[in-house]
Amino acid sequence: MERRALIASTAGAVALGALATPAEARTGRGDGPLTTFNVISDIQGDLGDLATALKDMRATNPRSSGLAVAGDITPRGYDAEYAEVRRVLDRNPHPREIAWAIGNHEFYVPKWADPDTLAQATWPNGTSEDSLFRSFHRFAERGAVYAETTFGGIPVLTIGTERYMHYHDPKLWDEVWLSEAQFQWLADRLAHWTRRRRPVMVITHHPLPDTVSGTRNKLYMSDYLQAERLLGLLGRHRDVFLFSGHTHWDLGLSDWYVRRVVPGTANLDGFSVVNTGAVQTGFTDNGQGGENAVDGAFNQGLQVEVYRDRVVLKARDFATGAWLKQVTVPLSIRM
């Protein structure tokens with residue numbers, strides 16, 4: 001999909017990207033986090049940067065309870081590309097628990113006649129839609145796109161498209177379609193964890209419109225075919241944290257984190273939405289309604305610290321080993 005111009009509207013999202021002060025990062029009681037974990041996205045074949053990110057995460061967060069990967073695990077979705085990611089994991093330190101979300105690059109095999117021959121004119125080149133999902137399922141070691149796990153007792157839900165839409169409508173390509181079963185599952189799990197007074201971490205590849213950096217762009221305003229329904233579901237829950245990738249927009253931007261208020265949900269505080277940056281190639285606003293590639297090395301992700309009464313989000317530059325941003329989000333509950 002081609003990237004398109006940025007739309008200036010920001011209704012419904014409030015950016016909170018300022019660096020937290022030391023006082024904001026602690027309660028004064030000396031309590032430590034209940035758990036910490038990491039989030040990355042958009043590896044897309046950049047295995048050297050993936051290895052760098054894994055090493056940096058181990059150095060800064062050696063007790064990480066999990067790693068969430070918000071899609072675009074591979075450049076095209078070939079089984080051999082999944083195997084290369086697995087080899088990098090096997091050779092580098094990483095948490096035992098990994099939550100994999102599916103991305104649009106996991107569906108790009110049909111553009112190729114073979115791994116060395118681009119053949120978009122003859123799409124899908126004999127590749128079935130089912131085979132693409134089977135490859136992801138084998139790699140992620142589960143039988144569905146959506147799944148639940150926990151990082152140190154904190155629920156982590158991964159969601160994603162259950163159709164590659166160009167197989168179903170020639171006018172569509174990477175748009176996200178969620179089944180009724182996935183919507184019902186998500187509603188049930190959010191309600192379950194809300195009753196148990198737990199914040200919920202939701203991992204998805206595509207960003208929802210009018211949320212984090214880049215999502216006023218026309219391209220990203222229409223990533224979800226059922227965006228309003230998904231927003232309405234997430235928007236009911238104050239202690240939901242949605243992590244999305246796909247845009248590759250720089251975590252140094254002010255709207256890397258926002259509270260998204262959804263009208264009609266009776267939750268005037270909104271829910272948290274967090275950009276995950278990217279392992280492979282970064283983009284930023286060009287000041288003219290579009291975007292430019294970030295110069296130099298780019299390799300970014302997140303560290304998340306969950307306390308009894310708050311969540312601390314930290315944006316990390318793995319290439320330079322530097323912290324970029326930090327924000328403390330109070331919880332409406334106390335665990």
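Our subject is the structure listed above.
Note that this is a predicted model, so its numbers are computed, not measured.

## Observations concerning the side chain of Ser 64
Here's step 1: With respect to the helices, strands and loops of the structure, Ser 64 is situated in the loop between α1 (47–60) and β3 (67–70).
Here's step 2: Residue class for Ser 64 comes out buried when judged on its relative accessible area of 14%.
Here's step 3: Side-chain polar atoms of Ser 64 contact the backbone oxygen of Gly 66, separated by 3.0 Å.
Here's step 4: Residues in contact with Ser 64, not counting those within four places in the same chain, are Thr 36, Phe 37, Asn 38 and Pro 95.

## Focus: helix α6 (residues 227–234)
Here's step 1: Burial analysis of α6 places six of its eight residues in the buried class, which makes it a mostly covered element.
Here's step 2: Listing the buried residues of α6 in full gives Ala 227, Leu 230, Leu 231, Gly 232, Leu 233 and Leu 234.
Here's step 3: Residues of α6 that are buried sit in contact with α4 (180–195), β9 (200–204), β10 (240–244), β11 (257–260) and β12 (271–275).

## A word on α1
Here's step 1: Across its 14 residues, α1 extends 20 Å between first and last C-alpha, which sits within 8% of the 20 Å expected from 1.5 Å per residue.
Here's step 2: Every buried residue belonging to α1 is among Leu 50, Ala 51, Ala 53, Leu 54, Asp 56 and Met 57, and all of these are buried.

## Let's talk about the sheet that holds strand β2 (residues 35–40)
Here's step 1: If you trace the six strands from one edge of the open sheet to the other, you get β4-β3-β2-β15-β16-β17, paired in mixed fashion. Taken across any chain shown, the strands that pair with only one partner, and hence form the sheet edges, are β4 (98–101) and β17 (322–330). Adjacent strand axes in the sheet meet at a mean angle of 20°, parallel and antiparallel pairs treated alike.
Here's step 2: Here β2 runs beside β3; their pairing, made up of three bridges, is parallel. For Val 39, the partnering residue across the bridge sits in β3 and is Ala 68.
Here's step 3: Relative to β2, α1 is tilted by about 165°, and along the sheet it contacts β2, β3, β15 (300–306), β16 (310–317) and β17.

## So, the environment of Met 57
Here's step 1: As for its position among the elements, Met 57 is in helix α1.
Here's step 2: On the basis of relative accessible area, Met 57 is assigned to the buried category, the value being 5%.
Here's step 3: Remark: the alpha-carbon pair of Met 57 and Gly 301, spanning 244 residues in sequence, is separated by 9.3 Å.
Here's step 4: Contacts of Met 57, omitting those with residues within four sequence positions, involve Asn 38, Ile 40, Pro 62, Leu 67 and Phe 318.

## Brief notes about the nonpolar core
Here's step 1: By size, the foremost hydrophobic cluster in this structure holds 31 residues, and its most contacted members are Ile 40, Val 69, Ile 73 and Trp 100.
Here's step 2: Only α1, β3, α2 (79–91), β4 and α3 (129–140) provide two or more residues apiece to this core.

## Remarks on the packing of α2 against α3
Here's step 1: Following both chains from N to C, one finds α2 and α3 inclined at 20°, their axes separated by 10 Å at the closest point. When the axes of α2 and α3 are compared, the pair comes out roughly parallel. The two elements α2 and α3 cross, and the hand of that crossing is right-handed. Between α2 and α3, the contacting residues are Asp 79, Tyr 82, Val 85 and Arg 86 on the first element and Ser 135, Phe 136, Arg 138 and Phe 139 on the second.
Here's step 2: Residue composition of the contact of α2 with α3, grouped by class: four nonpolar, one polar and three charged.

## Observations concerning the environment of Trp 185
Here's step 1: As for its placement among the helices and strands, Trp 185 is situated in helix α4.
Here's step 2: Among the residues examined, Trp 185 registers a relative accessible area of 18% and is labelled buried.
Here's step 3: C-alpha separation for the pair Trp 185 and Asp 90, spaced 95 residues apart in sequence, amounts to 32 Å.
Here's step 4: Dropping the residues within four chain positions of it, Trp 185 is found in contact with Tyr 146, Ala 147, Glu 148, Leu 157, Thr 158 and Ile 159.

## Considerations on the pairing of β16
Here's step 1: Taken across its eight residues, β16 has eight buried, putting it largely inside the fold.
Here's step 2: Burial of β16 is two-sided: the residues Arg 310, Val 312, Lys 314 and Arg 316 facing one way and the residues Val 311, Leu 313, Ala 315 and Asp 317 facing the other way are all buried.
Here's step 3: The sheet contact formed by β15 and β16 spans seven bridges and is antiparallel. Across the sheet, the residue bridging to Val 306 is Val 311, located in β16.
Here's step 4: What sits between β15 and β16 in their antiparallel hairpin is a turn of three residues.
Here's step 5: As defined by bridge partners, β16 adjoins β17 across eight bridges and the pair is classed as antiparallel.

What counts and how
- Residues numbered from 1 in each chain as written.
- Predicted model: local features only at pLDDT ≥ 70, side-chain atom pairs only at ≥ 80, totals over all residues.
- Heavy atoms only, no water.
- Helix = DSSP H or I, 4+ residues; strand = E, 2+ residues; numbered from the N terminus.
- Buried < 20%, exposed > 50% of the residue type's maximum accessible area, 1.4 Å probe, protein only.
- Polar contact = N/O pair within 3.5 Å; in protein donor to acceptor, adjacent residues only side chain to side chain.
- Contact = heavy atoms within 4.5 Å.
- Expected span 1.5 Å × (residues − 1).
- Pairing = 2+ DSSP bridges.
- Axes fitted to C-alpha atoms, helices over the stretch in contact; angles between N-to-C directions.
- Core = buried A, V, L, I, M, F, W, Y, C linked by side-chain atoms within 4.5 Å.
- Parallel < 35°, antiparallel > 145°, perpendicular 65-115°, else oblique.
- Left-handed = near helix turned anticlockwise from the far one by under 90°.
- Nonpolar A, V, L, I, M, F, W, Y, C, P; charged D, E, K, R; others polar.

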